[in-house]
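Chain by chain, the residues:
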Amino acid sequence: MTDTPTPQDAHQAGPVHGDPQDARPPLRRSREQKVISGVCGGLGRFFDVDPVIFRVVLGVLAVSGGLGLILYGFAWLLIPLEGEEENEARRMLSGRVEGPALTAVLCALVGCGLFLSMLNNSAVMSFALMLTAVMAGASYWSHHRHQPGGEAAASAAQKTHKAQKTAAPPPETKAPPAPGSPSWWRDPIIKDGTTGPIGAGTGYLWGPDDGPQAEEERVPLRLRPAPAVTPLGGTPLGGWTFLLAVVALALGTGLAWRHQPLGTCLEIGLACALGVFGLGITVSSRYGRTGGGTVVAAVLTALLLAGAAALPKSVSTQWTQSTWRPESVAAVRDEYRVGSGVGELDLTGLPWQRGGTVGTRAEVGAGQLKLIVPDDVTARITMDVGVGDIRLPGEARDDVDVRPGQKKHVMLEPRSGKPSRGTLEIRLKVGIGQVEVDRASS
């Protein structure tokens, strides 16, 4: 006779031999242990770790490269709130764009901007990635340390699961959830500059209306009285947010203009502007409203911040033109440098010693770097151009080939019939611009 567990037996065995994954609550943002959105409280309950540890680690990761803001923003979007099955990302995709979702997106964008600005700092990035890996490993271990093992427990859990599936009634059919608060994406702009809801406003950006059709909606349009347009509640903050962001951009860039490289100046100004956009969206989620232009401007600012972080640090804010003509071997410097502008190194007047070697390097952050060597000197040249063109002797002026990441090693021998008076070993580097090498008669 087959031993079939009854629903009563399954109910009694459930707490003891139940599936550990079913016994543990699902991953949800906490409502009780909540400082901002309840992400750390939910993670602490799910992984059986003190939420303070998650808050400290995410705070450290936020200030050391922005990775903490990225992780927090995506967790806010993807993890539903306790008691709900729909997360903020799904609400946005279905058209219900609300303040918490916008704040989460902006948090992730600010984190991406900071992360891209710190890519060149290998020490900080290594620390952030190592701390993330350690926290992930500790959370995984804490999550699985209380799981019972053994074949007997697994067999009992399987029998209990089958009994519960047999005894459990089918889920009751429920009405669709009520739509959220009205979305400013759906509200049209009226001639007087205000906005108003379309009909009975569903809170959705697109898709069908979930509400029941009112009796007056069945009346033909020509017989319907003109409805009174009522603007959304709250003060429009989009214009003021954009104006303050422009002021923050100009102020941050201007204060650092004379003391920092061009890329750093732009990073400071764009980071200030992005912070103003974030503050404006956060304030508008409670005390006003902003338009879609504010979100688009914030995204564009984050992209510009990433571009500014990619600029070479050697690019300065002042455009200069320098010419170097050393008159002796002892006067040749180890390095010649121009931040932004034109740099020309002329070695035609140098008294070369037969069989001797002269070594140096020259660098221009953004602009043109020109090298002039005599035609009876052997030149070993290493050229490195981030984005730009390399022009060698004999090439036409209009032969311009702009490409990223150009690196060349060139050996220029003396012209035929002339012995070499000496050897030049030089490294030429340009971040953005052109390297030009030219021969001159001695």
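What you see is a predicted model; the values in this text were computed from it and never measured.

### A few points about the overall build of the protein
- When helices and strands are counted, the protein shows 12 helices and eight strands.
- Expressed as a percentage of its 442 residues, the buried residues of the protein come to 39%.
- Pairs at least 24 residues apart make up 70% of the contacts formed inside the protein by residues separated by at least 6 positions.
- As presented, the protein carries roughly 25,600 Å² of accessible surface, and 61% of it is formed by carbon and sulfur atoms.

### Quick word on the side chain of threonine 360
- Along the chain, threonine 360 turns up in strand β5 (residues 357-374).
- A distance of 2.7 Å separates a polar atom in the side chain of threonine 360 from the backbone oxygen of arginine 333.
- Each residue touching threonine 360, except ones within four places of it in the same chain, is listed here: Val332, Arg333, Asp334, Glu335, Tyr336, Leu345, Glu425, Ile426 and Arg427.

### A short note on helix α8 (residues 122-144)
- Counted at 1.5 Å a residue, the expected span for α8 with its 23 residues is 33 Å, and the 33 Å between its end C-alpha atoms agrees.
- Among all positions in α8, only Met125, Ala128, Met135, Ser139, Ser142 and His143 are buried.

### Quick notes on the side chain of threonine 378
- In this structure, threonine 378 sits in strand β6 (residues 378-391).
- Residue classification places threonine 378 among the buried positions, given a relative accessible area of 8%.
- Excluding residues within four positions of it along the chain, threonine 378 makes contact with Met411, Leu412, Glu413, Pro414, Ser420, Gly422, Thr423 and Leu424.

### Remarks on the pairing of β6
- Here β6 lies mainly inside the structure; 10 of its 14 residues are buried.
- Note that β6 and strand β8 (residues 423-440) share 13 bridges and pair parallel. Each bridged residue has a counterpart across the sheet, and for isoleucine 381 the counterpart in β8 is isoleucine 426.
- The pairing of β6 with strand β7 (residues 403-412) spans nine bridges and is classified as antiparallel. Each bridged residue has a counterpart across the sheet, and for valine 387 the counterpart in β7 is proline 404.

### Remarks on the pattern of salt bridges
- Going through the model one piece at a time under the given rule, you end up with 15 salt bridges.
- Note that arginine 45 is salt-bridged to glutamate 82, the shortest N-O span being 3.3 Å. Residue arginine 45 is found in helix α3 (residues 39-47), and its partner glutamate 82 is found in the loop between α5 (67-78) and α6 (88-93); the two are separated by 37 residues along the sequence.
- Taken together, the shared-partner salt bridges in this structure form one network comprising Glu335, Arg337, Arg361 and Glu363.

### Observations concerning the confidence of the model for the protein
- Model confidence for the protein is summarised by a mean pLDDT of 75, while 71% of its residues fall at 70 or above.
- Least confident of the elements in the protein is helix α1 (residues 7-17), whose mean pLDDT is 45; most confident is strand β4 (residues 335-346), at 91.
- Segment residues 4-22 is flagged for pLDDT under 50; beyond a separation of four residues in sequence, or across chains, it makes 17 contacts in the model.
- Contacts from residues 226-232, a stretch scored under 50 in pLDDT, to residues over four places away or in other chains number 12 contacts.

### Looking at the packing of aromatic side chains
- A full pass over the atoms with the stated rule returns four aromatic pairs.
- Pairing tyrosine 72 with tryptophan 76 gives two aromatic rings, centres 6.1 Å apart and planes at 75°, and the pair type is edge-to-face. On the criterion of helical spacing, the pair formed by tyrosine 72 and tryptophan 76 is a turn pair, its members being four residues apart in helix α5. Summarising the burial analysis for this pair, tyrosine 72 and tryptophan 76 share the class buried.
- Members of the aromatic cluster, connected to one another through ring pairs, are Phe46, Phe47 and Phe54.

### Digging into a nonpolar patch on the surface
- A surface patch of nonpolar side chains, about 320 Å² in accessible area, is lined by Val52, Val56, Val60 and Phe127.
- With three residues, helix α4 (residues 51-63) is the largest single contributor of residues to the nonpolar patch.
- Judged by relative accessible area, valine 52 falls into the partly exposed class, the value being 45%.

### What to know about the nonpolar core
- Counting residues in hydrophobic clusters, the biggest one holds 29 residues, and the most contacted among them are Leu371, Ile381, Met383, Leu424, Leu428 and Val437.
- When neighbours within four sequence positions are excluded, isoleucine 381 is seen to be in contact with Leu371, Lys408, His409, Val410, Leu412, Ile426, Leu428 and Val437.
- Phe54, Leu67, Ala75 and Met135 belong to the second-largest nonpolar core, a separate cluster that totals 22 residues.

### Section: helix α10 (residues 238-256)
- With 19 residues, α10 should reach 27 Å at 1.5 Å per residue; the first-to-last C-alpha distance of 27 Å fits that figure.
- Along α10, the residues that are buried comprise Gly238, Thr241, Ala245, Ala248, Gly252, Thr253 and Ala256. The arc that holds every buried residue of α10, seen down its axis, measures 115°, which confines them to one face. Residues of α10 that are exposed and point over 90 degrees away from its buried face: Gly239, Trp240, Ala250, Leu251 and Leu255.

The rules we used
- Residues numbered from 1 in each chain as written.
- Predicted model: local features only at pLDDT ≥ 70, side-chain atom pairs only at ≥ 80, totals over all residues.
- Heavy atoms only, no water.
- Helix = DSSP H or I, 4+ residues; strand = E, 2+ residues; numbered from the N terminus.
- Buried < 20%, exposed > 50% of the residue type's maximum accessible area, 1.4 Å probe, protein only.
- Contact = heavy atoms within 4.5 Å.
- Areas by Shrake-Rupley, 256 points an atom, 1.4 Å probe, with all protein chains shown as cover.
- Polar contact = N/O pair within 3.5 Å; in protein donor to acceptor, adjacent residues only side chain to side chain.
- Expected span 1.5 Å × (residues − 1).
- Pairing = 2+ DSSP bridges.
- Salt bridge = Lys/Arg side-chain N within 4 Å of Asp/Glu carboxyl O.
- pLDDT = per-residue confidence, 0-100.
- Phe/Tyr/Trp six-rings, centres within 6.5 Å; stacked < 30°, edge-to-face > 60°.
- Patch = residues over 30% accessible without salt bridge, like charges linked within 9 Å, V, L, I, M, F, W, Y side chains within 5 Å.
- Core = buried A, V, L, I, M, F, W, Y, C linked by side-chain atoms within 4.5 Å.
- Arc of directions from axis to C-beta.

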